[in-house]
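This is what each chain is made of:
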Amino acid sequence: MIGRFRAVARRSALLVPLAGAPALLSAQSSIPGYSPSAAYAQRQLEQAAIAGPVASRAKAHSAALSKEPHIAGTPAQKRTADYVMAQMKAMGLETELRTYDVWLPHATSVKITRMHRDTSALDLVEPPIASDPATQLPQYLTVNGSSGAGVGEGDVVFVNFGLIEDYATLDSLGVSVKGKVVLSRYGRSFRGIKAREAQKRGAVALLIYTDPLDDGFVTGDVYPEGPMRPLQGVQRGSVFNGAGDPLTPGYASKGNAPRLTPDQTELPRIPVVPISAANAQALLSEVRGTDIPRNWQGGMPIRYHIGAGPVRARVEVTTDAATAGTKQIFNTLGYLRGTEFPDQYVYIGGHRDSWGPGAADNISGTVSILEAANALADMAKKGQRPKRTIVFATWDAEEWGLVGSSEYVEDDSLRLKKGAVAYLNQDVSAQGSQFGGGGSPSMRAALRDVVKSVPDPRGRGSVYEAWRLTTGTRVDSLEPAMGDPGGGSDFAGFYNHFGIPTADWGFGGPAGTYHSAYDTHAWMEKFGDPGFLYHAASGRIGAAFALRLANAEVLPYDYAEFARTMRRYLTPVERGLTQKGWATAGVGTLGAAITKLESAATAFGTARDAALEKGVAKPAKDAANAALLTVERSFARDRGLKSRPWYRTLIYASDVDNGYSSMVFPGVNEAIRYGTEAETNAEITDLVQRFEAAAAALDTARAALTAPGR
C-alpha cells in the first residue's frame, strides 16, 4: 500500500506528524545508558530533534537533487555534492569534501541486434513520459556498471534467474551456455553473481531483464498510471562483486597509491547489458529448444523456452576505459562536534549517486540525512550540542560497488577503529508508508525505542505502533522482525570491514522504478511519498537516534539481544555439519560461548543501571565505554574471510554465491559449504574465542562501573 496521506496546507504538513508527541514522551521514562535524570532530559532533547525535520523542505531538497540523472563520475553528480555542501554550510556545520580517484569506466555505446528470420536492432532507450520532465532528459546508456567491453554473439539461452542452482538444472537437461548469449531474469541474487556464473560457464554475453511478474503489470498499474515498472523500463546496476575501487583493494584510492590493472581484478570480461521486459519478450518469444521447468515461467504473455536458439543476439559494448576509466568521486561530510567526546563519532550516512534521477534511490536517503542534520544543527545553535561528534555523510559511487564509503573507511581506518560508536545507514529511506528496520542486533532495541517516540505520519500512533500493525505483530512479547546486515549498502565498510555497530531503517511500498529513468521526483510526488511526510519521518528517526547515541553516558548497545539472536543460528550450523556427516561437538562449544556472552551482557546491564542510578564518576564511564567499543570489533578478523578478505566480521556477510541474502557466521558456514571438516572446526574454534573475547570486554566494562571508588 502506498502512503497517500496529503497535507492540505503547509502548516498542517508541519504540525500533523507531531500530534500526540507529548503523549508518546510521557509513555516512556528510562533509557539504557542514561541515569534517571539524564534520561528525562534526553527525552526532551529527542522531542526537540523530532520536531525539526520539515516535509516541505524535504520536498524542495528532493526536487533539487533529483532534477537530472546523476551517475557517479559525471558533472551532474558533482552538482549534487555542491548542493549538499552548500546546505550543510548554511546549517553552520563544519564541512569536508573528500575526493578519490577510482576505476569507473562509463559506457560510450551499446547495441543489441536480434537475428532470426530478420535482423533488427533493439531499441534500448527508456521512452520519455510527457507528464514527467526528468524522463525527457538524456539517460545513462543501458549498460551495467563494470560490464566488460567488446562483442558477444551467439544463440540465446534463457537461464531463469541465472542462479547456481538454475545452471545445475540446465546441466541436468543437457543445455550448455558456452558460446551463447545468456538471458536472465533479475532477482533472487545480485546481478554481479549472475555475471560471474554466466562468464564462468563460457557465455559470451549476458542480458538481464526484470520480469513483469516481479515488479511490472502483473503486480500493479505501471508508471505513469501506477507505481510499477513499464514494459520498456530498464533496471541498471553494477556487476562488480566487491566493495570499493577494484584497482586499490583494501586501501584508499588516493594520490600515488599502487593500482592493479583491470586484468588483475575479477571484474567481468563479457558484455553485461540490462534490457526491458519488452526487449526480453522480443528475444524470448521465438526461442525454442528445451522446454522450461514449471517454475521458470514468468509474467510475459508468451510461453518461455530455454533454447538454445534459434534466435541469436549480437551484443556490443564500448566504454571509455582506455581514455578516461579513472574518475574522481566526491564524498560530503558535515561535522557537529561533540562537547565532551569530540573524538568519538556517530555517523549517519547514505549515498547520493544513482542510475537516473534517483528520487527514491537514493535521494530519499540524502534528504533524510539533510533533515536530521538541520534539526540537530538548529539545536546546537541554541546551545544544545551533542556530547559526541555526529557526522552527516553522503557517499559517491555506491551504485558501482559501495565505492565512496569503502574508500572513506579505508582512508580513515585508524579514526574509525578507535572512535566510531555506530553507523546509521539511509538507503531508500522513503518510498512508501511501511516502516522497516534492521542492522546489528546490538542496536535493535535502541532503534525500536526511538521509533516509539516518532509519530506515524498517517496518524496511527507512533511509527512503532504502525510498524506492529502492518507486520501483524499482535503478541506483546514479540517484536517485528528486523533485517541482518549482510551487505549491499554503505554500512558494509563500517560493519563488514571493521565490526562497527550499524542500523538502518526506511519506509517502503509498491515500487517498480528501481534503477530506472522513472525513479523521479514526479513519481515520488504521486506514488512514493506524497507530501514528503515519510522523508521527514525518516529524518526525525535519524536525528533522535543519532542524539541518543551521541549523548549516552554509557553506550546503549544491547548485547543480551545480540547473544539471543546468535543462538538462533546454531541449529542451521548443526544441520549443515550433520548433512556433511561431520562431528557436531563444536556447536555445543559455540553455544556455550554465546551463553557466556549473554550472561556477561545481562550482568553488565544490571551493573550499568545500578551504577547510573546511584551516580558514577566520569573516569569509570569512560573506561566502560572504551571497553564497549571493542565488543563487536572482537568479531572482525584481520585476515577476513577466506573467500573475501575485505569482509572481516565473522557474524554476518552477504552470501558469496548470492550477494543479496545474508550469511550468518560466514567463516563457519562457508567452510561447511566449500571446505573440509578440519577447516570448519578451525573456524568454529576461532568464532568461539571471539565470543569469549566479547564477553570479556563486557566484563571489563562492568568492572569499570562497579570498582570501589568509581
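One can find the structure itself at the top, above this paragraph.
Note that this is a predicted model, so its numbers are computed, not measured. Numbers given for residues are sequential positions, taken from 1 along each chain in its written order. In keeping with the predicted nature of the model, local features appear solely for residues at pLDDT of at least 70, side-chain atom pairs appear and are counted solely at 80 or more, and the whole-chain, interface and lining totals rest on all residues. Excluding hydrogens and water, the side-chain values take into account all heavy atoms of the structure.

### Considering the sheet that holds strand 7 (residues 272–275)
Strand-to-strand pairing in sheets goes through backbone hydrogen bonds, with the strands running parallel or antiparallel.
And step 1. Two strands pair under a simple rule: DSSP has to find at least two bridges between them. Each helix is a run of DSSP H or I of at least 4 residues and each strand a run of E of at least 2, with the numbering of both proceeding from the N terminus. Strand order in this open sheet of seven strands is 3-2-10-4-5-6-7, and the pairing throughout is mixed. The open sheet is flanked by strand 3 (119–121) and strand 7, the only strands paired with a single partner. Along the sheet, successive strands turn relative to each other by an average axial angle of 30°, direction set aside.
And step 2. One ladder, built from three bridges, connects strand 2 (residues 107–115) with strand 3; its direction is antiparallel. Each residue of the ladder has a partner; that of Met 115, found in strand 3, is Thr 119.
And step 3. With respect to the sheet, helix 9 (residues 277–284) is in contact with strand 2, strand 4 (150–158), strand 5 (181–185), strand 6 (205–209), strand 7 and strand 10 (312–319), its orientation differing from that of strand 7 by roughly 105°. Simply put, an axis is a line fit to the C-alpha atoms, just over the touching stretch for a helix, and the angle between two N-to-C directions goes from 0 to 180 degrees. Every residue pair with non-hydrogen atoms within 4.5 Å of one another is taken to be in contact.

### Details of the nonpolar core
And step 1. We call a set of buried residues a nonpolar core when its members are Ala, Val, Leu, Ile, Met, Phe, Trp, Tyr or Cys and they connect through side-chain atoms within 4.5 Å of each other. Buried means the residue's accessible area, taken with a 1.4 Å probe over protein chains only, is under 20% of the maximum for its type, while exposed means over 50%, and partly exposed covers the values in between. Core analysis: the largest hydrophobic core is formed by 193 residues, its most contacted members being Phe 392, Phe 665 and Phe 691.
And step 2. Among the elements that make up this core, the one with the highest residue count is helix 11 (residues 359–381) (13 residues).
And step 3. Phe 665 has contacts with Met 566, Tyr 569, Val 573, Leu 590, Ile 594, Leu 650, Ile 651, Leu 687 and Phe 691, leaving out every residue within four places of it along the chain.

### With respect to the pattern of salt bridges
And step 1. Any Lys or Arg side-chain nitrogen located within 4 Å of an Asp or Glu carboxyl oxygen qualifies as a salt bridge. Under the counting rule described, the total for this entry stands at 51 salt bridges.
And step 2. Asp 378 is the salt-bridge partner of Lys 381, the closest N and O atoms lying 3.9 Å from each other. Separated by three residues within a single helix, Lys 381 and Asp 378 lie in helix 11, roughly one turn from each other.
And step 3. Residue class for Lys 381 comes out exposed when judged on its relative accessible area of 55%.
And step 4. The partner of Arg 608 in a salt bridge is Asp 609, with the nearest N and O atoms 3.0 Å apart.
And step 5. Through salt bridges that share partners, Arg 196, Glu 197, Lys 200, Arg 201, Asp 655, Asp 657 and Arg 673 make up one connected network.

### Here we look at the sheet that holds strand 15 (residues 434–439)
And step 1. Taken together, seven strands build an open sheet; the order of strands is 1-11-13-12-14-16-15 and the sheet is mixed. Strands at the two margins of the open sheet, each flanked by one partner only, are strand 1 (94–103) and strand 15. When the angles between neighbouring strand axes are averaged without regard to direction, this sheet yields 20°.
And step 2. Strand direction decides the pairing type here: strand 12 (residues 341–351) and strand 14 (residues 420–425), joined by five bridges, are parallel. What sits directly across from Ile 348, in strand 14, is Leu 424.
And step 3. Each of strand 1, strand 11 (326–336), strand 12 and strand 13 (388–395) touches helix 12 (residues 403–411); the most contacted strand, strand 1, lies at about 105° to it.

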